[in-house]
Amino acid sequence: RAKDSGRNAIQLFRSTMQDAVSARLRLENDLRLALARGEFELHFQPQVDARDGQVVGAEALLRWQHPQHGPQSPAQFIQVLEESGLIIEVGGWVLTEACHLCARLLADELIDAERFSLCVNISPRQFRQHDFVERVAGCLRTSQLPHAMLKLEITEGIVIQNIDDTVGKMLRLKKHGVSFAMDDFGTGYSSLTYLKRLPVDMLKIDQSFVRDATSDPNDAGIIRAIVAMARSLGLGLIAEGVEQQEQLDFLQAQDCHLYQGYLFSKPVPEDAFRALLGQHRS
Ligand code: C2E
Ligand code: MG
Ligand code: MG
Ligand code: MG
C-alpha cells in the first residue's frame, strides 16, 4: 500500500514535470509566433515631477495579447524571452518602436526634447549582444530621436558576466548621448559595489520599498538611505510604484520629486498616452 502510494506520487510528480515542461515549450513557441503575428504592443507609463505636475518622461512597457489566453504579464514571459534568447529580437523591436513613437510625439509637439526622457528596459542578455551599442545607435539614427531623450533602464543582473565589458559599453552609449537608470534599485545583490563602477545617471527606487514606506519604518529607512546615496553620488532619482498620495508626500518630504505609479497613471496604450499629454499641455 505504502509502495503503491509512493509509486503514485512519483507518477504524479513525473506527469506534473512533463506538464510544466510542455507548458514552457508551448509558451516559448507562442512567444516566437507572437512577434511574427504582431501580438506585442507597447504601453507607456508617464513619469511626473511632483513639484509642477509636468510629465517628464515615460517608460515603455511590453504587452502581449495572447490570442486565446488574453493579456499576459511581462513579469512571467520576460524571463522566458530571456532564457530562450528571443529577447534579442523582441527587445530590438521594443527599442525601435519606442524610439519611433517618441520621435512622433516630439514632431507633434506633445513633448519637449529638453524635458522628456523615453525609458526603455534592457535585459541582461540583450545588453550583452556584441553589437548592442551599434543597434542602439542605429535606432536613434533611423528614428531621428534626439539622443539625449533616450534612457536605458538596466538592472544589476547586467554585470553578472564581465563588469569591464559592461562599463565599456555604457561609456560608448553615453558618448552617443544616451543615459542610464538603475531599475529596481535596492533589490539586487551588490548594489554598492556595482554602483561605484557603473556610470548610471539615475536610480529608480524599487516599488517594494515604496509600497510600505508610510507604514514600515524599515522601508522608510531604506528610502532615506537611497535618497542620501543618490544625492552624495550626484545621481538623479525617481520612485516607482507610487499608488497613494501619502506615499508621494513621504517621498517629497525626503526630497524625491520624480515618480511613476498608478497614483498618476497606469501604463496606457499610445492613443491614451497622447490624449494624456494633450490634456497636460492645454
Ligand atoms: P519594471 O521595469 O520595474 O517596470 C515597472 C513595473 O511596475 C511595470 O510592470 C508597471 O506596470 C508596474 N507599475 C507601475 N506603477 C505601478 C503601481 O503604482 N503599482 C504597481 N503595483 N505596479 C506598478 P509590468 O509592465 O508588468 O512589467 C514588469 C517587468 O517586466 C518590468 O519591471 C520589467 O522588468 C519587465 N519588462 C517590461 N517591459 C519590458 C521590455 O520591453 N523589455 C524588458 N527587458 N523588460 C521589460
Ligand atoms: Mg523598468
Ligand atoms: Mg522597476
Ligand atoms: Mg520590476
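Residues numbered from 1 in each chain as written. Chains lettered and ligands numbered in written order. Predicted model: local features only at pLDDT ≥ 70, side-chain atom pairs only at ≥ 80, totals over all residues. Heavy atoms only, no water.

As annotated in an unreviewed UniProt entry, the protein chain is EAL domain-containing protein from Ectopseudomonas hydrolytica.

S.K.: I tried to follow the overall build of the protein chain on my own but got confused; where do I start?
M.R.: Within the protein chain, the secondary structure is distributed over 11 helices and nine strands. For a compact globule of 282 residues, the expected C-alpha radius of gyration is about 19 Å, and the protein chain comes in at 21 Å, within 12% of that figure. Principal-axis analysis of the C-alpha atoms gives the protein chain an extent of 70 × 45 × 40 Å. The buried share of the protein chain, taken over its 282 residues, is 45%. A separation of at least 24 residues holds for 68% of the contacts in the protein chain among residues at least 6 apart in sequence. On the protein chain, roughly 14,600 Å² of surface is accessible, and the fraction owed to carbon and sulfur atoms is 51%. (Helix = DSSP H or I, 4+ residues; strand = E, 2+ residues; numbered from the N terminus. Rg over C-alpha atoms; globule rule 2.2 N^0.38 Å. Buried < 20%, exposed > 50% of the residue type's maximum accessible area, 1.4 Å probe, protein only. Contact = heavy atoms within 4.5 Å. Areas by Shrake-Rupley, 256 points an atom, 1.4 Å probe, with all protein chains shown as cover.)

S.K.: For this particular structure, what's the right way to read the site of ligand 1?
M.R.: Surveying the vicinity of ligand 1 reveals 21 residues, the closest of which are Arg63, Asp183, Gln207, Glu243 and Tyr262. In this structure, an oxygen atom belonging to ligand 1 sits 2.9 Å away from a side-chain N or O atom of Gln207. Within the contact set of ligand 1, a nitrogen atom lies 2.5 Å away from a side-chain nitrogen or oxygen of Glu243. Its free accessible area being 800 Å², ligand 1 has 83% of it covered by the protein chains. (Near = heavy atom within 4 Å. Polar contact = N/O pair within 3.5 Å; in protein donor to acceptor, adjacent residues only side chain to side chain.)

S.K.: Help me out: how do you make sense of the coordination of the magnesium ion (ligand 2) in this one?
M.R.: Ideal values differ by geometry: the angle at a metal is 109.5 degrees with four tetrahedral donors, but 90 or 180 degrees with six octahedral donors. Bound to the magnesium ion (ligand 2) on the protein side are Glu59 (OE), Asn121 (OD1), Glu153 (OE) and Asp183 (OD), at distances that span 2.0 to 2.2 Å. In terms of primary sequence, the donors binding the magnesium ion (ligand 2) are separated according to E-x61-N-x31-E-x29-D. The distance between the magnesium ion (ligand 2) and the magnesium ion (ligand 3) is 4.1 Å, with Asp183 acting as a donor to both metals. A residue pair is termed long-range when its members are at least 10 positions apart, and Asn121 in strand E4 (residues 117-121) and Glu153 in strand E5 (residues 150-154) qualify at 32 residues. (Donors = N, O, S within 2.8 Å, 3.2 Å for Na, K, Ca; no water.)

S.K.: Honestly, the pattern of salt bridges in this entry has me stumped. Any pointers?
M.R.: Side-chain pairing between opposite charges can occur once the charged atoms of the two side chains come close. Evaluation of the coordinates by the stated rule reveals 19 salt bridges. The shortest N-O distance in the salt bridge between Glu28 and Arg32 comes to 3.1 Å. Of this pair, Glu28 and Arg32 both sit in helix H1 (residues 2-37), four residues apart, which is roughly one turn of that helix. One salt bridge connects Asp164 with Arg197, and the closest N-O pair in it is separated by 2.8 Å. With Asp164 in helix H6 (residues 163-175) and Arg197 in helix H7 (residues 191-197), this pair connects stretches of sequence that are 33 residues apart. The exposure class assigned to Asp164 is exposed, which follows from its relative accessible area of 51%. Owing to a relative accessible area of 39%, Arg197 belongs among the partly exposed residues under this scheme. Here the salt bridges do not stand alone but share partners, grouping Arg24, Glu28, Arg32 and Glu83 into one network. (Salt bridge = Lys/Arg side-chain N within 4 Å of Asp/Glu carboxyl O.)

S.K.: Quick question: what am I supposed to make of the packing of helix H3 (residues 87-107) against helix H5 (residues 132-143) here?
M.R.: How two helices pack is summed up by the angle between their axes together with the distance between the axes. Relative to each other, H3 and H5 sit at 30°, their axes nearing to 9 Å. For the element pair H3 / H5, the angle class is roughly parallel. Crossing angle aside, the handedness with which H3 passes H5 is right-handed. Of the residues in H5, those in contact with Ile88, Leu95, Thr96, Cys99, His100 and Ala103 of H3 are Arg135, Val136, Cys139, Thr142 and Ser143. Each residue belonging to the contact of H3 with H5 can be placed in one class, and the counts come to six nonpolar, four polar and one charged. (Axes fitted to C-alpha atoms, helices over the stretch in contact; angles between N-to-C directions. Parallel < 35°, antiparallel > 145°, perpendicular 65-115°, else oblique. Left-handed = near helix turned anticlockwise from the far one by under 90°. Nonpolar A, V, L, I, M, F, W, Y, C, P; charged D, E, K, R; others polar.)

S.K.: What is the right way to read unusual backbone geometry from this model?
M.R.: Residues other than glycine predominantly adopt negative phi, and peptide bonds predominantly adopt the trans conformation. With a phi close to 60°, Gln144 is a non-glycine residue in the positive phi region. Relative to the assigned elements, Gln144 resides in the loop between H5 and E5. Residue class for Gln144 comes out exposed when judged on its relative accessible area of 68%. Phi at Asp255 is positive, roughly 75°, even though this residue is not glycine. Mapped onto the elements of the fold, Asp255 is located in the loop between helix H10 (245-253) and strand E9 (258-260).

S.K.: Looking at this structure, how should I read the packing of aromatic side chains?
M.R.: The geometry of an aromatic ring pair is captured by two quantities: the separation of the ring centres and the angle between the planes. According to the stated counting rule, one finds seven aromatic pairs in the structure shown. Taken together, a centroid distance of 6.1 Å and an interplanar angle of 40° make the contact between Phe40 and Phe77 tilted. Here the residue Phe40 occupies a position in strand E1 (residues 40-49), and Phe77 occupies one in helix H2 (residues 74-84), the gap between them amounting to 37 residues. Assessed through its relative accessible area of 6%, Phe40 is described here as buried. On the numbers, 5.3 Å between centres and 50° between planes, the contact of Phe127 with Phe132 is tilted. Given the relative accessible area of 1%, Phe127 is considered buried. Against the face of Phe127 rests Lys169, its NZ or CZ located 5.5 Å from the ring centre. Taking the ring centre of Tyr262 as reference, the NZ or CZ of Lys266 above it sits at 4.7 Å. (Phe/Tyr/Trp six-rings, centres within 6.5 Å; stacked < 30°, edge-to-face > 60°. Lys NZ or Arg CZ within 6 Å of the ring centre and 35° of its normal.)

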